[in-house]
Amino acid sequence: MKQLFLFMVFVISLSSIKAQSLSKEQVIEDLTQLREGIERFNPTVEQYNPRFQNRADSLISSVSKSSLSNYEAFDLISQLCAFSNEGHFSLGTWEDQVHQGIINNEVSYIPLVVKIANSKLYVWLDLSDEQVLKRGAEIISINGLSSSEILKKLYQSTPSDGRILTYSDRTIENNFSWMYFLYVDKIPGFEIETMLGSGIAEKNTIQALTREKHFENYEKFYPERIEKQKETEVDAFHSLSFSGTSATLTLPSFDRRRVEKYDVDSKKLYKGIFTELKEKAIQNLIIDLRGNTGGLNEFADDIVPFIQKRPSDSPLLKRTISWEERIRNYRFPKASNVAFEGQIYALVNGRTYSAGSTLARYLKEYGDAVFIGEETGTRYEGFSAGSQEYVMLENTQIRIGIPRYHITFDPSEKQTTSNRGLLPDFLIQPTIEELLEETDLHMKKAKKLISEKNSSN
């Protein structure tokens, strides 16, 4: 699935900004066009946010300035999309006025990578020339604006499912630089107040840099991270490893380009994997879905014959409803003769999303899996996704992709929440100290549970 963060990686600063001025009437016209497009093409907007029209109208009526920049208009556009309580939007392209300076290195932005832990911002990587920020330091404020105020602004401009904060947090972590520019402030320098565990605050100043300079500084100051990344990268669609009677299956993405690169067929993939698990008499299976933001839906649906512990009470696996109210029912499949009979442990986080999150749901509903991690990024009871309807806004010329298929499931007895992602059995909320240690707490917990299970048998 295309998401907001897939096409916007870094963001621009005040220098060399290319942004035309728009009249109040033009911005209102674009916002109205967008509101009507969302109401027309997103089939779940009324279901998942009955207040959408009221909130949208209130936002539109709040436009009071006689003229606005494209960036100010884009902020309002993002907020309007976020009102739908749906994450499967795409906002803009590299060619529009808001984003074209990024790839071309024509503009600069804040050289900072952050982590979010327990609703606080922390320095993760300092990509500045100054190199004055200490890794792991809590960010108290940037240019006088508190971290809580910064996060609040970023949350309201990030389309996401329901009340799922983990998805927003992971999205902001991945894209903090460009999001800070578009939605918080546009300045060439940043006074950053930080605090370490000693409780002593300090202020340092760093300057904005171009995208190219960001990457240069990453290679210059963090060569060990690059080497570690190369060592851990696997040139394959999936990985499967074994340790005694346990196995670990990692499924990092179902993105179409990745599927085409490795020429993978979902049914053949799972048949081969689970046949090998049966031949090796594997009793415990860890399935790692962290960071799997989805892609082709068949890679979620086609695992069901291989993980189900019992037949479903419903004849349907899921149902899709288009914006034109075309309905397609997906029948529940029969179990495979190599269906896994042991215990499944699933590792998830806020970026377990879309088809990745659907697979997680199947593991919970039909595979009796034990979940370790944080709330997944997609609404458990259903969501809008599939293909998008693109609306080119008349005046800003910003292209918005609106999800136009409702993917829905029968009511669950295992999780009865509304507007929440899958909730894990064992919650992992690392402190900044644990993040700095870079210990895999998810995997550590899974192995501990397996060890305890084996000891009790």
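Criteria and thresholds
Residues numbered from 1 in each chain as written. Predicted model: local features only at pLDDT ≥ 70, side-chain atom pairs only at ≥ 80, totals over all residues. Heavy atoms only, no water. Helix = DSSP H or I, 4+ residues; strand = E, 2+ residues; numbered from the N terminus. Buried < 20%, exposed > 50% of the residue type's maximum accessible area, 1.4 Å probe, protein only. Contact = heavy atoms within 4.5 Å. Areas by Shrake-Rupley, 256 points an atom, 1.4 Å probe, with all protein chains shown as cover. Lys, Arg positive; Asp, Glu negative; His and termini not counted. Charge placed at Lys NZ, Arg CZ, Asp CG, Glu CD. Phe/Tyr/Trp six-rings, centres within 6.5 Å; stacked < 30°, edge-to-face > 60°. Lys NZ or Arg CZ within 6 Å of the ring centre and 35° of its normal. Pairing = 2+ DSSP bridges. Axes fitted to C-alpha atoms, helices over the stretch in contact; angles between N-to-C directions. Expected span 1.5 Å × (residues − 1). Core = buried A, V, L, I, M, F, W, Y, C linked by side-chain atoms within 4.5 Å. Parallel < 35°, antiparallel > 145°, perpendicular 65-115°, else oblique. Nonpolar A, V, L, I, M, F, W, Y, C, P; charged D, E, K, R; others polar. Arc of directions from axis to C-beta. Salt bridge = Lys/Arg side-chain N within 4 Å of Asp/Glu carboxyl O.

Student: Please set out the overall build of the protein chain residue by residue, giving values where relevant.
Tutor: Across its full length, the protein chain carries 17 helices and 21 strands. Out of the 457 residues belonging to the protein chain, those deemed buried represent 53%. The long-range fraction of contacts in the protein chain, counting pairs at least 24 apart against all pairs at least 6 apart in sequence, stands at 78%. Surface accessibility of the protein chain: about 20300 Å² in total, with carbon and sulfur atoms responsible for 47%. Separation of charge centres in the protein chain, based on 55 positive and 63 negative side chains, amounts to 5 Å.

Student: Please set out the packing of aromatic side chains residue by residue, giving values where relevant.
Tutor: Under the criterion given, the structure shown has 16 aromatic pairs. Seen from their ring centres, F237 and F254 are 6.5 Å apart, and the 25 degrees between their planes marks the pair as stacked. With F237 in the loop between α10 (223-232) and β12 (239-243) and F254 in the loop between β13 (246-250) and α11 (256-262), this pair connects stretches of sequence that are 17 residues apart. An identical accessibility class is assigned to F237 and F254; each is buried. The rings of F332, Y362, Y366 and F409 are connected pair by pair, giving a single aromatic cluster. One Lys or Arg, R361, reaches over the ring of Y380 and ends 4.5 Å from the middle of that ring.

Student: Provide a residue-level description of the sheet that holds strand β18 (residues 370-373), including the pertinent values.
Tutor: Strand order across the open sheet formed by six strands is β12-β13-β14-β17-β18-β21, with mixed pairing between neighbours. Strands at the two margins of the open sheet, each flanked by one partner only, are β12 and β21 (426-427). Bridge analysis of strand β14 (residues 284-288) against strand β17 (residues 343-348) gives five bridges, and the strand direction is parallel. From the neighbouring strand, N284 faces β17, where its bridge partner is Q343. Taken strand by strand, helix α12 (residues 266-279) contacts β12, β13 and β14, and its axis lies near 5 degrees from that of β12. Sheet contacts for helix α17 (residues 441-456): β13, β14, β17, β18 and β21; angle to β17, the most-contacted strand, approximately 165 degrees.

Student: Residues and numbers for helix α15 (residues 355-367), please.
Tutor: Its 13 residues place the ends of α15 17 Å apart at the C-alpha level, agreeing with the 18 Å of an ideal helix rising 1.5 Å per residue. A large share of α15 lies buried, amounting to 13 of its 13 residues.

Student: Describe the environment of T358, listing the residues and the values that go with them.
Tutor: By the element assignment, T358 lies in helix α15. Of the residues examined, T358 reaches a relative accessible area of 4% and is grouped as buried. Taking the C-alpha atoms as reference points, T358 and I407, 49 residues apart in sequence, are found 9.6 Å from one another. Aside from chain neighbours lying at most four places away, what touches T358 is A300, F383 and F409.

Student: Report on the nonpolar core, specifying residues and quantitative values.
Tutor: By size, the foremost hydrophobic cluster in this structure holds 54 residues, and its most contacted members are I110, L112, I142, F176, F190, I192 and I400. The greatest single-element share of this core, amounting to eight residues, is contributed by helix α8 (residues 165-183). Discounting chain neighbours no more than four positions away, the residues touching I110 are I142, F176, S177, Y180, F190, I192, I206 and H214. Core analysis: the next-biggest nonpolar cluster, separate from the first, contains 44 residues, L289, F332, A355 and A369 among them.

Student: Can you break down the environment of E138 residue by residue, with the values?
Tutor: Its place among the elements puts E138 in strand β7 (residues 138-142). Judged by its relative accessible area of 16%, E138 falls in the buried class. Separated by 14 residues in the primary sequence, E138 and K152 have C-alpha atoms spaced 17 Å apart. Leaving out residues up to four positions away in the same chain, E138 has contacts with K120, L121, Y122, E193, T194 and M195.

Student: Which residues make up the packing of helix α5 (residues 70-82) against α8, and what values do they have?
Tutor: Contact pair α5 / α8: the axes reach a minimum separation of 9 Å and the direction vectors enclose 110 degrees. When the axes of α5 and α8 are compared, the pair comes out roughly perpendicular. Only F181, L182 and Y183 of α8 make contact with α5, whose side of the interface consists of Y71, F74, D75 and S78. When grouped by side-chain class, the residues that make up the contact of α5 with α8 number five nonpolar, one polar and one charged.

Student: Can you lay out the environment of G382 for me, pointing to particular residues and giving the numbers?
Tutor: On the secondary structure map, G382 appears in strand β19 (residues 382-392). Looking at G382, the relative accessible area reads 0%, which means it is buried. A C-alpha to C-alpha distance of 9.3 Å links G382 and T44, two positions 338 residues apart in sequence.

Student: Talk me through helix α4 (residues 52-61); I want residue IDs and the actual numbers.
Tutor: For α4, every residue scored as buried is listed here: F52, A56, L59 and I60. For α4, the buried positions fall inside an angular range of 100 degrees around the axis, keeping them on one side. Opposite the buried face of α4, at more than 90 degrees from it, the exposed residues are N54 and S61. The inward-facing, buried residues of α4 abut α2 (24-41), α3 (45-48) and α5.

Student: Before we move on, can you summarise the pattern of salt bridges with the specific residues and values?
Tutor: Evaluated as defined, the whole model comprises 26 salt bridges. Across the salt bridge formed by D440 and R290, the nearest N and O atoms sit 2.8 Å from each other. Of this pair, D440 sits in the loop between α16 (432-437) and α17 while R290 is found in the loop between β14 and α13 (298-301), placing the two residues 150 residues apart along the sequence. Relative accessible area serves as the criterion here: at 33%, D440 is assigned to the partly exposed category. Accessibility expressed as a relative area gives 22% for R290, which makes it partly exposed. Here E389 and R404 are joined by a salt bridge, their closest N and O atoms 2.6 Å apart. Of this pair, E389 sits in strand β19 while R404 sits in strand β20 (residues 399-408), and the two are 15 residues apart along the sequence. Classification of R404 by relative accessible area gives partly exposed; the value is 21%. When salt bridges with common partners are traced through the structure, they connect R35, E36, E39 and D57 into a single cluster.

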